[in-house]
Amino acid sequence: MDKIEKYLPALFSLAFFIVLLIFLQTSREFLFYAREQQQLFIYSWQVFQDRYFDIGGLALLISQFLVQFFSVPCFGSAVTAALCSLSAYLLWRTLRKYEPSPWLFPLCIFPVIFQLHAVNDFYMDYSFLTGFLLAIAFLAACQAFASRLGTPIRIICCVFATVASYLLLGPVSLIFPLGVIVLDFIDKRNNAYLQLFSLLSLVVTVIVLLKLGKIETLFKGMSCDFYYEPLLTGRIIYYVSVACVPVVIMVVFYLRSVSVKSLAVNVMASCALVLALCVTAVPLSKNENNDIYKALRLQHDVIASDWGDILDFRDATDSRNYFFMNYVNLALSHENLLLENLFKYRQGSAYSLLYDAAGEAFNPQVTLLCANVYYWHGCVGSAQNQAFDSFVSSEHGNPSMLQMLVKTNLIFGSYDVAEKYINVLEKTWAYRKWASSQRRFLHDEAAIDSDPELGERRRSLPDGDAFALSDGIYSNLLSIVEKNPDNAAARDYAAAYMLMSRSKDAIIDFLVRFPVKDLFGVVPSLVQQAVVVAYENDLEYCRSLGVSDETVEEYQEFKNKYKEARMKKQELRSALKSRYRDTFWYYYIFGDN
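Everything quoted here is computed from the prediction, not taken from an experiment.

What counts, and where the lines are drawn
- Residues numbered from 1 in each chain as written.
- Predicted model: local features only at pLDDT ≥ 70, side-chain atom pairs only at ≥ 80, totals over all residues.
- Heavy atoms only, no water.
- Helix = DSSP H or I, 4+ residues; strand = E, 2+ residues; numbered from the N terminus.
- Buried < 20%, exposed > 50% of the residue type's maximum accessible area, 1.4 Å probe, protein only.
- Contact = heavy atoms within 4.5 Å.
- Patch = residues over 30% accessible without salt bridge, like charges linked within 9 Å, V, L, I, M, F, W, Y side chains within 5 Å.
- Areas by Shrake-Rupley, 256 points an atom, 1.4 Å probe, with all protein chains shown as cover.
- Salt bridge = Lys/Arg side-chain N within 4 Å of Asp/Glu carboxyl O.
- Polar contact = N/O pair within 3.5 Å; in protein donor to acceptor, adjacent residues only side chain to side chain.
- Core = buried A, V, L, I, M, F, W, Y, C linked by side-chain atoms within 4.5 Å.
- Phe/Tyr/Trp six-rings, centres within 6.5 Å; stacked < 30°, edge-to-face > 60°.
- Lys NZ or Arg CZ within 6 Å of the ring centre and 35° of its normal.
- Axes fitted to C-alpha atoms, helices over the stretch in contact; angles between N-to-C directions.
- Left-handed = near helix turned anticlockwise from the far one by under 90°.

## Overview of the environment of Lys-569
Structurally, Lys-569 is set in the loop between α32 (549-567) and α33 (572-580). Taking the relative accessible area as the measure of exposure, Lys-569 reaches 76% and is therefore exposed. Taking the C-alpha atoms as reference points, Lys-569 and Ser-305, 264 residues apart in sequence, are found 48 Å from one another.

## Quick notes on the environment of Ala-82
Among the structural elements, Ala-82 can be located in helix α5 (residues 75-94). Ala-82 sits 355 residues away from Ser-437 along the chain, and the two C-alpha atoms are 35 Å apart.

## Regarding helix α26 (residues 473-483)
For an α-helix, the turn length of 3.6 residues means that residues three or four places apart are oriented alike. Ile-473, Asn-476, Leu-477, Leu-478, Ile-480 and Val-481 are the residues of α26 that are buried. Contact partners of the buried residues in α26: α19 (364-377), α27 (488-500), α28 (504-513) and α29 (516-520).

## Focus: a nonpolar patch on the surface
Taken together, the side chains of Phe-197, Leu-200, Val-204, Val-208 and Leu-212 define a hydrophobic patch exposed on the protein surface, amounting to about 460 Å² of accessible area. Structurally, Leu-212 can be placed in the loop between α10 (196-211) and α11 (218-222). Taking relative accessible area as the criterion, Leu-212 reaches 58% and is therefore assigned exposed.

## Quick look at helix α25 (residues 452-459)
Burial in α25 covers these residues: Leu-454, Gly-455, Glu-456, Arg-457 and Arg-458. Two to three positions downstream of the cap, the backbone nitrogen of Glu-453 sits 3.2 Å from a side-chain oxygen, assigning the N-cap of α25 to Asp-451.

## Considering the nonpolar core
Within the largest apolar cluster, 103 residues are counted, with the highest numbers of intra-cluster contacts made by Leu-410, Leu-499, Phe-510 and Phe-584. With 9 residues, the single largest contributor to this core is α27. The residues contacting Phe-510, other than those within four sequence positions of it, are Tyr-474, Leu-478, Ala-494, Ala-495, Met-498, Val-516, Leu-519 and Phe-520.

## Section: the packing of aromatic side chains
On inspection of all chains with the given rule, the structure shows 36 aromatic pairs. Ring centres of Phe-41 and Tyr-52 lie 6.2 Å apart, and the angle between their planes is 40°; on these two criteria the pair is classed as tilted. With Phe-41 in the loop between α2 (29-36) and α3 (45-52) and Tyr-52 in helix α3, this pair connects stretches of sequence that are 11 residues apart. In this structure Tyr-52 comes out as buried when scored by relative accessible area, which is 8%. Of note, Arg-432 hangs over the ring of Tyr-43, and the distance from its end group to the ring centre comes to 6.0 Å. Of note, Arg-457 hangs over the ring of Tyr-375, and the distance from its end group to the ring centre comes to 4.5 Å.

## Some words on the packing of helix α20 (residues 380-393) against helix α21 (residues 399-412)
Viewed as axis vectors pointing N to C, α20 and α21 meet at an angle of 150°, and their least axial separation amounts to 9 Å. As for how α20 packs across α21, the hand of that crossing is left-handed. Facing Val-380, Gly-381, Ala-383, Gln-384, Ala-387, Phe-388, Ser-390 and Phe-391 of α20, the residues of α21 in contact are Met-401, Leu-402, Met-404, Leu-405, Thr-408, Asn-409, Ile-411 and Phe-412.

Pasting the structure below:
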């Protein structure tokens, strides 16, 4: 029994690590990839001084060092599970002098369970978790060493430790003064009330920093909002993880005498605590914002060029969400399936091709998507604008957007700017090799022109202002196709915009501007269907534009089915949907599919 209890806390920690690792990897995998895209960890002394010599700098340094590796599969889940398990174990070690029953160890996991709610929030900085661990480590160290000192020296040490922990970790360090106060009172130390000076020193420190302009408001300097996305407010449950630490210390202390010799009773008590943990953790089994998590998965697939995964993701392909459909259509275009399969998916309008970003110019998820869509079909100036907005709206940078800024500046011939960005990326762990590989394009026009990616987009640059979209994206696409008919992405997107306009005039204008047989070779069936709509009274002319006899016959069948349904006063959508939902004709009449 004694031997079992000796190793029980370590076994509990290991079990918690394994369970948490499996949970995070199976349900939060893409959250960690997204966190890696929220920052650039730059190996530079100047950046180190500017970024980490500030309030909470140590927690931020450790978190960003770890997060830079989150692009490695499973690494983010493993690190997070390890940090949470270690936090629970250190909290237990803080109480070891009181010799509590090791069967009570699950109580130390409760603060971590609430901390996981914050980890699950894309807008909460990862330094909140690392700071949480370090604050408990401060508390454990204090209990191990400062407790041996006399009252005056101990109080002075705790005051200095409180101020130091706040400067190094930020507001999560509140755990330390609250913890030492509770420990001194439950230990019945002489003059335990003097430990309140630790808490007072933290408040004074925050007020001084507020007066010096180092923090924005007193509330932010004392709350978890310090780690939250600016202009947003964190959930109240994030404060519970901090407040829960002193509560757990008190509960464990007062339950330490409950230990009995019966193994069965101890196991049952521990199982009851584990059950309570599971009940508390139930909300974690569901994504707190499903749409955001789905968007993070799609964002990862774009950065990783995993187009097949996007098309296999039913929550996106079956959605009427314009934002998700942007990803689906981008994937279709990359797979050369856009015009073949356009209406096999639930297209609502032209916003399914390019999300309306009005009012969301500094939403990193929106700008990252738009930057990739623009860049893919050759609107390089617009892609650069979106990439720059996405980069600067991220507090610590965005690596994939900085890569795009390198490429767009190379395309424009802005070599000095491109080199500046290359220099930054060369000081990172994950992107230095890619950045160095781009140096071969600097001041080498022939190398860029011969490159399949950069050269194709340079040939698509308009003759006028490359950054202007005054006439809209469709007009810009038409200009790109006129300039470079070999740009298949721009060609297919332009045709898709033409189809989704549901306008005969737009169709006729497209057909007049571009000889579709020369443009496409074999005219896609959806474009053929549009041709028939535009020139249904001259089917021979339609055939001269590349419309097949099969399409003509299918159109006649469609018209007959339509007339028959109207005569029978049937609901037109229902009568036509099963057979014609994937056609342009169905979309042309009903506006969606």
